[in-house]
Amino acid sequence: MNPKGHMVRWMLGDGEIVRRFLEAKLQVHPDVVSYVREKNDPALLERIISQVPHGTLVVSSAHIPDLSPEKDGERFLPEPDLEIISGKSGDSPEKNRFEDFFPYFRDRYTRLAEILRSRVNPVPIEALTRSTRYRQEECMVIGMVLDVRTTTNGHRLVDLEDPTGQIPALFNRDRPGFPDAERLLPDEVIGARGRLSQDGRLLFAEQLVRPDVPLTHAPFTSNRPGKAVLISDIHAGSSTFLEEAWERFINWLPSSGAAYLLICGDLVDGIGVYPNQEEELTIRNIYEQYTRLGELMAGIPKEIVVVISPGNHDVVRPAEPQVAIPLEFRKGFPENCRFVENPALLSLQGVRVLMYHGRSIDDMIGLIPRASYSRPEEMMVEMLERRHLAPVYGRRTPLSPEPKDRLVIDPVPEILHTGHVHTSGITRHRGVLGVNAGCWQSQTKFQKQVNITPTPGRAVIVDLQTLEPKVMDFA
Ligand code: D5M
Ligand code: FE
Ligand code: ZN
């Protein structure tokens, strides 16, 4: 009971929700659990259980009453079939100033807060801390994570900031919001629901809401046949480049039925990217590395459109968005090659593909408990939940401050294509297909030192009518 004499609203925890479904002899998809938790309505839980058709084994979001998929039926179809929606060569200004970080983060906050506002009804932080009105009442804030740490007692303490002020929020390790709080990253934007402390200076947070893909999201699919092949990390010029596997891949392409080939960065091995790299280079001139890559592209059927974006080994600036490969390096490439930025959003017959090399995966694996290089697909889900490709600023992923944060995931794509980690992984999150195909380079000495076991020689072919992926192994 709170001082005013009415009940503090019951907070449903994941454990209780899952248990209730199990009592009803039902398994339940995690999306349904988070939906019920967010609504915090025991009656809704009972309604879902009572309405599930007889014989259902796993309750999915399709079983939630009043929640029907919203499919984009009509979509402007580009002519020709490939459209570069954002990340065209030249989209990003070459130069940025440090002062630009202020508008950059404000744009990130504004756009992610807007996505959250459909589910979170926030109070400005200044109002919370100034007025006594909210003390002991349940309230919500939308904030960017300034800092997050684990207390000596194992709780998660996070400093949240909105345009009006800052407040610390405490996620108790024994409360339902904790598993989400364990994965908090600096600079992500979240909603937090909880109660204010007596003095109004701390939020006891019970629930964490991430922007995420809407539960009702139903992906667009092409209304006519078409396939796209997804690869990354060729590393041309390296002695560890797998030439024979590449040849088998090139020989397979004509029969694949693919109209598009997307290459998601680390096109060449570069020069001086990691210590003693020169020992493993067969081509030690950066121009010649791109000439070699152009030769590798020459074997691709001319009817296939090749979309090429850069990665951290490429010749362009490391700060993201990375600009497209400059003209002076494109000389040896056939005409079917298009050069885009990293990230880039494409439309293939109306199917949106977001290409992002994936440098931020290093940062996320370092900060998220139990994350592993062997399961890159989990990090793609983390990106989608945060609606951001590179949430953490100031570690391994350099960001270029532009007035618009191009790393915000908006609109929601049908396919998220990443690379960088050199291990393959496929996932589906709320209808979005996440693909990391792996690489075309065997384990380098450096990767051996840092214990990364690559899965080279794989390509993933996706049917644009069904969004079904198929892994092809050429190793
Ligand atoms: O990245 C190849 C692989 O090496 C990928 O799994 C990330 C990992 N990597 C890259 N840099 C580091 C550092 N500094 N420490 C640990 N792991 C790292 P690539 O971009 O092709 O070099
Ligand atoms: Fe790479
Ligand atoms: Zn890389």
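Here the structure is a predicted model, which is why all the values come from computation and not from measurement. (Residues numbered from 1 in each chain as written. Chains lettered and ligands numbered in written order. Predicted model: local features only at pLDDT ≥ 70, side-chain atom pairs only at ≥ 80, totals over all residues. Heavy atoms only, no water.)

## Points about the overall build of the protein chain
- In terms of helices and strands, the protein chain carries 11 helices and 20 strands.
- Taken against the 2.2 N^0.38 rule, which gives 23 Å for 475 residues, the C-alpha radius of gyration of the protein chain at 24 Å falls within 12% of a compact globule.
- Once the C-alpha set of the protein chain is aligned to its principal axes, its extents read approximately 75 × 55 × 40 Å.
- A total of 475 residues make up the protein chain; the buried ones form 59% of that total. (Helix = DSSP H or I, 4+ residues; strand = E, 2+ residues; numbered from the N terminus. Rg over C-alpha atoms; globule rule 2.2 N^0.38 Å. Buried < 20%, exposed > 50% of the residue type's maximum accessible area, 1.4 Å probe, protein only.)

## Some remarks on the domain arrangement of the protein chain
- According to the domain assignment, the protein chain contains domain 1 (14-63), domain 2 (119-209) and domain 3 (227-473).
- One C-alpha centre belongs to domain 1, the other to domain 3; they are set 38 Å apart. (Domains from an automatic or database assignment.)

## Focus: the coordination of the zinc ion (ligand 3)
- Protein coordination at the zinc ion (ligand 3): the donors are Asp 266 (OD), Asn 312 (OD1), His 357 (NE2) and His 420 (ND1), at 2.2 to 2.3 Å from the metal.
- Site description for the zinc ion (ligand 3): donor spacing in sequence, D-x45-N-x44-H-x62-H.
- Between the zinc ion (ligand 3) and the iron ion (ligand 2), the interatomic distance is 3.3 Å, and Asp 266 donates to each metal, bridging them. One end of the pair, Asn 312, is in the loop between strand E13 (305-309) and strand E14 (337-348); the other, His 420, is in the loop between strand E16 (415-418) and strand E17 (425-429), and 108 residues separate them in sequence. (Donors = N, O, S within 2.8 Å, 3.2 Å for Na, K, Ca; no water.)

## Re the pattern of salt bridges
- For the structure on display, the rule yields 34 salt bridges.
- A salt bridge links Glu 382 to Arg 386, with the shortest nitrogen-to-oxygen separation between them at 2.6 Å. Here Arg 386 and Glu 382 lie together in helix H10 (residues 376-386), a separation of four residues that amounts to about one turn.
- A relative accessible area of 8% means that Glu 382 is categorised as buried. (Salt bridge = Lys/Arg side-chain N within 4 Å of Asp/Glu carboxyl O.)

## Quick look at the site of ligand 1
- Not every one of the 15 residues close to ligand 1 is listed here, only the nearest: Asn 312, His 313, His 420, Val 421 and His 422.
- In this structure, an oxygen atom belonging to ligand 1 sits 2.6 Å away from a side-chain N or O atom of His 313.
- Protein coverage of the free-state accessible area of ligand 1, which is 470 Å², stands at 84%.
- Counting atoms within 2 Å of the grid points, the majority share of ligand 1 lands in the second largest pocket.
- Grouping the amino acids of the shell around ligand 1 by side-chain chemistry returns five nonpolar, six polar and four charged. (Near = heavy atom within 4 Å. Polar contact = N/O pair within 3.5 Å; in protein donor to acceptor, adjacent residues only side chain to side chain. Areas by Shrake-Rupley, 256 points an atom, 1.4 Å probe, with all protein chains shown as cover. 1 Å grid on protein atoms, 1.4 Å probe; cavity = no way out; pocket = protein on both sides within 12 Å on 5 of 7 lines; lining within 4 Å. Sits in = over half its atoms within 2 Å of the grid points. Nonpolar A, V, L, I, M, F, W, Y, C, P; charged D, E, K, R; others polar.)

## Section: the packing of aromatic side chains
- Tallied over the entire structure, the rule returns 17 aromatic pairs.
- Ring geometry for Phe 101 versus Tyr 393: centroids 4.9 Å apart, planes at 45 degrees, classification tilted. Placement of Phe 101 in helix H4 (residues 101-116) and of Tyr 393 in the loop between H10 and E16 is noted, with a sequence separation of 292 residues between them.
- Here Phe 101 falls in the buried class, since its relative accessible area comes to 12%. (Phe/Tyr/Trp six-rings, centres within 6.5 Å; stacked < 30°, edge-to-face > 60°.)

## Some details on the nonpolar core
- In this structure, Ile 142, Val 189, Met 379, Met 383, Leu 389 and Leu 416 are the most contacted members of the largest nonpolar core, which totals 39 residues.
- The set of elements that each furnish at least two residues to this core consists of H4, strand E5 (138-150), strand E15 (351-356), helix H9 (360-367) and H10.
- In terms of residues, this core owes the most to one element, H4, which gives eight residues.
- If you count residues domain by domain, this core takes at least three from each of domain 2 (119-209) and domain 3 (227-473).
- Not counting the four nearest positions on each side in its chain, Ile 142 is found in contact with Tyr 109, Ala 113, Leu 116, Arg 117, Val 120, Pro 122, Glu 161, Asp 162, Val 189, Ile 190 and Gly 191.
- If you look at the next biggest cluster of nonpolar residues, it comprises 38 residues, including Leu 296, Val 306, Ile 308 and Val 323. (Core = buried A, V, L, I, M, F, W, Y, C linked by side-chain atoms within 4.5 Å. Contact = heavy atoms within 4.5 Å.)

## Things to note about the confidence of the model for the protein chain
- Mean pLDDT over the protein chain: 93, with 96% of residues reaching 70 or higher.
- Contacts of residues 1-8 to residues separated by more than four positions or lying in other chains number seven contacts, the stretch itself having pLDDT below 50. (pLDDT = per-residue confidence, 0-100.)

## Overview of the state of the cysteines
- Summed over the entire model, instances satisfying the criterion amount to zero disulfides.
- Of the cysteine sulfurs around Cys 264, a residue in no disulfide, the closest is that of Cys 439, at 13 Å.
- Cys 337 takes part in no disulfide bond, and the closest cysteine sulfur to it belongs to Cys 264, at a distance of 15 Å. (Disulfide = S-S within 2.5 Å.)

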